[in-house]
Amino acid sequence: MDEASTDAGVPEIRPAGAADVAAVAAVTDAAYRPYIARIGVVPQPMEADHAAQVAAGRVFVTGEPVTGLVVIEAHADHLFLDSIAVHPDAHGKGVGGRLLAFVDAHARALGLSEVRLYTNAMMWENQKIYPKFGYEVVERRVDGPYDRVHYRKRLL
């Protein structure tokens with residue numbers, strides 16, 4: 001799903017292509033690297049096979065050069081938001097909000113009524129952000145070295 005904005009000057013959100021893999025890796029690294037010291041492990045999105053995710057059509061990007069991205073996966077009953085990353089240089093410019101709105105629209109377009117995600121419990125900034133966008137905590141669960149807070153958003 002390619003979703004161009006109607007606002008002049010606002011970059012579209014588009015499917016990532018093979019030429020975007022290096023930028024996807026760089027933005028993901030820049031967004032998640034600050035958390036390594038805090039959580040004590042490398043965040044999973046930094047270790048992802050970005051080329052495989054792009055090839056599978058799971059990555060959508062915005063900006064030229066790329067400043068933000070989402071990695072999503074459709075399931076039978078929900079859309080899973082695997083990762084959202086905004087380059088630190090683009091923080092506070094609405095990129096994350098536009099990406100989250102895109103995820104909602106994409107889920108609806110697929111006929112799905114729920115978006116799910118999780119974040120590391122030590123990434124407390126995210127725990128303040130997601131409820132502002134309609135997400136509710138479902139549970140907190142330890143998965144291997146990761147202490148995660150699971151969220152869902154029911155779409156109307």
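Trainee: I keep staring at the pattern of salt bridges and nothing clicks. Help me out?
Mentor: Under the definition given, this model contains 15 salt bridges. We note a salt bridge from E73 to R58, for which the minimum N-O separation is 3.4 Å. Taken together, the residues span a long stretch of sequence, with E73 in strand β3 (residues 68-74) and R58 in the loop between α4 (50-55) and β2 (59-62) at a distance of 15 residues. Taking the relative accessible area as the measure of exposure, E73 reaches 32% and is therefore partly exposed. Shared partners join several salt bridges into a network, and the residues in it are D77, E114, R116 and R154.

Trainee: So what exactly am I meant to see when it comes to the pairing of strand β6 (residues 136-143) here?
Mentor: Along any regular strand, the residues point their side chains to alternate faces of the sheet. Bridge count for β6 against strand β7 (residues 146-154) is 7 bridges, and the pairing is antiparallel. Bridge pairing links V137 to Y151 in β7. Here β6 hands over to β7 after 2 residues, with G144 in that stretch at a positive phi of 60°.

Trainee: Honestly, the pairing of β2 in this entry has me stumped. Any pointers?
Mentor: Burial along β2 is two-sided: V59 and V61 and F60 and T62, pointing in opposite directions, are all buried. Two elements, strand β1 (residues 13-15) and β2, share 3 bridges in a ladder whose sense is antiparallel. In the strand pairing of β2, R14 is matched with V61. Taken together, the 4 bridges between β2 and β3 define a ladder with antiparallel strand orientation. Each residue of the ladder has a partner; that of T62, found in β3, is G68. Between β2 and β3, which follow one another and run antiparallel, lie 5 residues, and G63 among them has a positive phi close to 95°.

Trainee: So what exactly am I meant to see when it comes to helix α1 (residues 21-32) here?
Mentor: One full turn of an α-helix is made of 3.6 residues, so residues set three or four places apart face in the same direction. Taking 1.5 Å per residue as the helical rise, α1 with its 12 residues ought to reach 16 Å, and the 16 Å between its terminal C-alpha atoms agrees with that figure. Listed in full, the buried residues belonging to α1 are V24, V27, T28, A31 and Y32. End-on view of α1: buried residues confined to an arc of 115°, all on one side of the axis. Contact partners of the buried residues in α1: α2 (35-39), α3 (44-47), α4, β2, β3 and β4 (79-86).

Reading guide: rules and limits
- Residues numbered from 1 in each chain as written.
- Predicted model: local features only at pLDDT ≥ 70, side-chain atom pairs only at ≥ 80, totals over all residues.
- Heavy atoms only, no water.
- Salt bridge = Lys/Arg side-chain N within 4 Å of Asp/Glu carboxyl O.
- Helix = DSSP H or I, 4+ residues; strand = E, 2+ residues; numbered from the N terminus.
- Buried < 20%, exposed > 50% of the residue type's maximum accessible area, 1.4 Å probe, protein only.
- Pairing = 2+ DSSP bridges.
- Expected span 1.5 Å × (residues − 1).
- Arc of directions from axis to C-beta.
- Contact = heavy atoms within 4.5 Å.

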